[in-house]
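One-letter residues, chain by chain:
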2 protein chains.
Amino acid sequence: MSGLLSTLQVELGERSYPIYIGQGLLNDAELLVRHIKSRQVLVVSNETVAPHYMEKVLRSLPGLQVEQVILPDGEKYKNLDVLNTIFDQLLRKRFDRGCTLVALGGGVVGDMTGFAAACYQRGVDFIQIPTTLLSQVDSSVGGKTGVNHPLGKNMIGAFYQPNAVIIDIDTLNTLPARELSAGLAEVIKHGIIQDAGYFSWLEAHIQELRNLDPEALAYAIEGSCRIKSRVVSADEKEAGQRALLNFGHTFGHAIETGMGYGIWLHGEAVGAGMCMATRLSRMMGWLDGEDEGRIVAVVDAAGLPVSPPRELSLACFRELMAVDKKVMAGQLRLVLLEGIGKALITDEFTSDILNRTLASYTA
Amino acid sequence: MSGLLSTLQVELGERSYPIYIGQGLLNDAELLVRHIKSRQVLVVSNETVAPHYMEKVLRSLPGLQVEQVILPDGEKYKNLDVLNTIFDQLLRKRFDRGCTLVALGGGVVGDMTGFAAACYQRGVDFIQIPTTLLSQVDSSVGGKTGVNHPLGKNMIGAFYQPNAVIIDIDTLNTLPARELSAGLAEVIKHGIIQDAGYFSWLEAHIQELRNLDPEALAYAIEGSCRIKSRVVSADEKEAGQRALLNFGHTFGHAIETGMGYGIWLHGEAVGAGMCMATRLSRMMGWLDGEDEGRIVAVVDAAGLPVSPPRELSLACFRELMAVDKKVMAGQLRLVLLEGIGKALITDEFTSDILNRTLASYTA
């Protein structure tokens, strides 16, 4: 099996863009070049991904001024200082405002390259080639870009849409199993919040996904991108419905920040975070024990943690959740469940129930 | 004379906002509070402006969580590192995404505060209180925000509109005469590129403006804001007509970069840059000597330089202009004149004529 398997259009008016999903797409020079209007292209990657795929991408861009930036690998390098190395290269190589930035890598590379594209000369073209399952199903859709600050994750950034996203599922062959599982966290999340049928399919096919079965992967990536792009199209700037995508993330961010960036993978923190939000929903009486069991089972089968790290105390959790940007006007709002496929944003939970949920893990 | 003299609406669809112009507006608490939807306000100023006006602004915001950041004064501090001190304060004080940033100061404070507002949690509210003539007529209208990079001015930034702009012309009483002149450069520019009648009025009233005559100032600020907001409303993202506002700026940026930021004021560089663009227009045969004389005379009467610094060689100028972001796809485009009030964007000049124009100053 090779070639383009699916094309999705993310509908955002004049900022709409296509997502291409297939096998061997990095060998398809025409697909990339089609979306480059400039003669100057900067490909941003990292030291892990570049040795595998940089050559293929460069081969697709003959006759253009193509430059590279190779970032160090890891969430801890997602900061303003490292971002500035992208600007350094753009200016040293005299890139004008008609240039194109290409992100070749996972979520960190995509977030930083997208933010650099949003800011360089107040906005230049941007193409995403996500090479991890997480970035393929999550950060390549939705236009969220940015960097971390020592006091909070993704606190500095922009909403900025790419011109195109090219997903070559062959890149998953070089992805460590742990990172594949982390990507499955977001795939599972999309089913939980929006689509009970998709969730059931995932329950039945989770092992095929972990075994990199191409047909299963293409189906899951397309399904996830479709759910996410539907949510994002309806609510680009995260005023309302889009916040549903934060299911498990308020707990998850607390885990990531509390442990220090990069100790737990984002998807691992989200896996545990989803289980915590699920338990809180059940303790509210909104969700039955069977649904909780199904969710915990599929998170577990995906190879993800189903509870937070023992090191984080209840007090620490509450402290970390207060900084989270879901705190609006002093009131913590969470995404909770009324059923599988039925999520809602709510502040209708008592501090006591939240405490008891946290205590059930941290005791 | 006291109170609100004029209100202008900048029309940008859902991002439209008012500009208030008057005397004593910093004493009008209600005017500021009307545009603050949050309970958290960060006022950003600098060490020169804050001692004069910070107290007045703080008095307008009782009952809210109000924090301050006082930046060092000067263009050389308009960089990513100093920008980060704003993020530090926002996060230390746990500002949420519903917060408001207020810029109290000149163009540097406005550009940095606006960019911080654009990036903090991917965008929060932003109010401008410009305290220099330059920022009142220029950087408070148009939504350009950002910081400099060692290799280029304003290379990192965003288009981001304020919720309101409050111009209290009393703040000009503490402005050094040299900075007042620098502001007049942009006022004159607006007449030159768009409005011959306004230019004639300026020729007749330039001394009253330098003497801080309130009625003349209010008229000039309103006229300039009106011209600029008309241009910006038609072309928010600078695809076409908005570039007319760069008249004198390609030469001016070369002067600023070549001399090192902050040696010449931006407005001084633009003053000389406008004279250079005018001379190039005349050498093209598009403008007669009388119009050139009028332009040079009013720039001179405003207390501005009418030629570039001797230190910059012709080779240096060409090198610096090549980095400028008006270089599109390798071709330098400039804003030139066909008459007073009639500017156009063009690449229809030969390298030879550009060289001869530069040589006429640098020989």
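What you are looking at is a predicted structure, and each value in this text was computed from that prediction instead of being measured. (Residues numbered from 1 in each chain as written. Chains lettered and ligands numbered in written order. Predicted model: local features only at pLDDT ≥ 70, side-chain atom pairs only at ≥ 80, totals over all residues.)

(A) Highlighting the overall build of chain A. Secondary structure assignment for chain A yields 13 helices and 13 strands. A compact globule built from 363 residues should have a C-alpha radius of gyration of about 21 Å, and chain A, at 20 Å, falls within 12% of that. Along the first, second and third principal axes, the C-alpha set of chain A runs to 65 × 40 × 35 Å. Within chain A, the fraction of its 363 residues that count as buried is 51%. For chain A, long-range pairs separated by at least 24 residues make up 74% of all intrachain contacts whose partners lie at least 6 apart in sequence. (Helix = DSSP H or I, 4+ residues; strand = E, 2+ residues; numbered from the N terminus. Rg over C-alpha atoms; globule rule 2.2 N^0.38 Å. Buried ≥ 20, exposed ≤ 12 C-beta atoms within 10 Å, placed from the backbone. Contact = placed C-beta atoms within 7 Å.)

(B) Focus on the sheet that holds strand 1 (residues 3–10) of chain A. Residue and element names in this part refer to chain A. Overall, mixed pairing links the seven strands, which are arranged 1-2-9-6-5-3-4 in an open sheet. Both edges of this open sheet fall to strand 1 and strand 4 (65–71), since each of them pairs with a single strand only. The sheet shows a mean angle of 15 degrees between the axes of neighbouring strands, taken without regard to direction. Strand direction decides the pairing type here: strand 6 (residues 125–130) and strand 9 (residues 164–168), joined by two bridges, are parallel. Within strand 9, the position partnered with isoleucine 127 by the bridge is alanine 164. In the packing of helix 4 (residues 107–119) onto the sheet, contacts are made with strand 3 (40–46), strand 4, strand 5 (100–105) and strand 6, and the angle to strand 5 comes to roughly 170 degrees. (Pairing = 2+ DSSP bridges. Axes fitted to C-alpha atoms, helices over the stretch in contact; angles between N-to-C directions.)

(C) Layout of the relation of the copies chain A and chain B. Its rotation angle being 180 degrees, the transformation that places chain A on chain B also includes 0.0 Å of axial translation and leaves an RMSD of 0.0 Å. The two molecules are tied by a two-fold rotation axis, judged by turn and shift. Among all C-alpha atoms of chain A, that of Leu80(A) lies closest to the rotation axis, at 3.9 Å. Of the residues that chain A buries at the interface, 100% are likewise interface residues in chain B, meaning the two copies contact each other through the same surface. (Least-squares fit on C-alpha atoms with pLDDT ≥ 70 in both.)

(D) Representation of the sheet that holds strand 2 (residues 17–23) of chain B within the structure. All names here are of chain B. Strand order in the open sheet formed by seven strands is 1-2-9-6-5-3-4, and the pairing between neighbours is mixed. The open sheet has two free edges, formed respectively by strand 1 (3–10) and strand 4 (65–71), since each of these has just one partner strand. Strand-to-strand twist in this sheet, taken as the mean axis angle between neighbours without regard to direction, amounts to 15 degrees. The sheet strands contacting helix 4 (residues 107–119) are strand 3 (40–46), strand 4, strand 5 (100–105) and strand 6 (125–130), and the helix crosses strand 5 at an angle near 170 degrees. Taken strand by strand, helix 8 (residues 214–234) contacts strand 1, strand 2 and strand 9 (164–168), and its axis lies near 10 degrees from that of strand 1.

(E) Broad picture of the environment of Gln161(A). Residue and element names in this part refer to chain A. Structurally, glutamine 161 is set in the loop between strand 8 (152–159) and strand 9. Distance in space between the C-alpha atoms of glutamine 161 and methionine 284 is 37 Å, their sequence separation being 123 residues. Apart from residues no more than four positions distant in its own chain, glutamine 161 is found in contact with Leu12, Arg15, Tyr17 and Gly143.

(F) The arrangement of the domain arrangement of chain A in detail. Residue and element names in this part refer to chain A. According to the domain assignment, chain A consists of domain 1 (3–174) and domain 2 (179–362). A straight line from the C-alpha centre of domain 1 to that of domain 2 covers 26 Å. Contacts between the two partners involve 30 residues from domain 1 and, on the opposite side, 30 residues from domain 2. Within the residue set of the side of domain 1 that touches domain 2, elements represented by two or more residues are strand 1, strand 2 (17–23), helix 5 (133–139) and strand 8. The residue makeup of the side of domain 1 that touches domain 2, split by class, is 15 nonpolar, 10 polar and five charged. (Domains from an automatic or database assignment. Nonpolar A, V, L, I, M, F, W, Y, C, P; charged D, E, K, R; others polar.)

(G) Representation of the nonpolar core within the structure. Val44(A) and Val44(B) are the most contacted members of the largest nonpolar core, which has 224 residues in total. Not counting residues within four places of it along the chain, the set of residues in contact with Val44(B) comprises Val69(B), Leu71(B), Ile86(B), Leu101(B), Val102(B), Ala103(B), Leu104(B), Val109(B) and Thr113(B). (Core = buried A, V, L, I, M, F, W, Y, C linked by C-beta atoms within 7 Å.)

(H) Examining the packing of helix 7 (residues 196–210) of chain A against helix 11 (residues 289–301) of chain A more closely. Residue and element names in this part refer to chain A. For the pair helix 7 and helix 11, interaxial distance at closest approach is 10 Å and the crossing angle is 20 degrees. Classed by the angle they form, the pair helix 7 and helix 11 counts as roughly parallel. Relative to helix 11, helix 7 is oriented so that their crossing is left-handed. Where helix 7 approaches helix 11, its residues Leu202, Glu203 and Ile206 are matched on the opposing element by Arg294, Val298 and Ala301. By residue class, the composition of the contact of helix 7 with helix 11 is four nonpolar, no polar and two charged. (Parallel < 35°, antiparallel > 145°, perpendicular 65-115°, else oblique. Left-handed = near helix turned anticlockwise from the far one by under 90°.)

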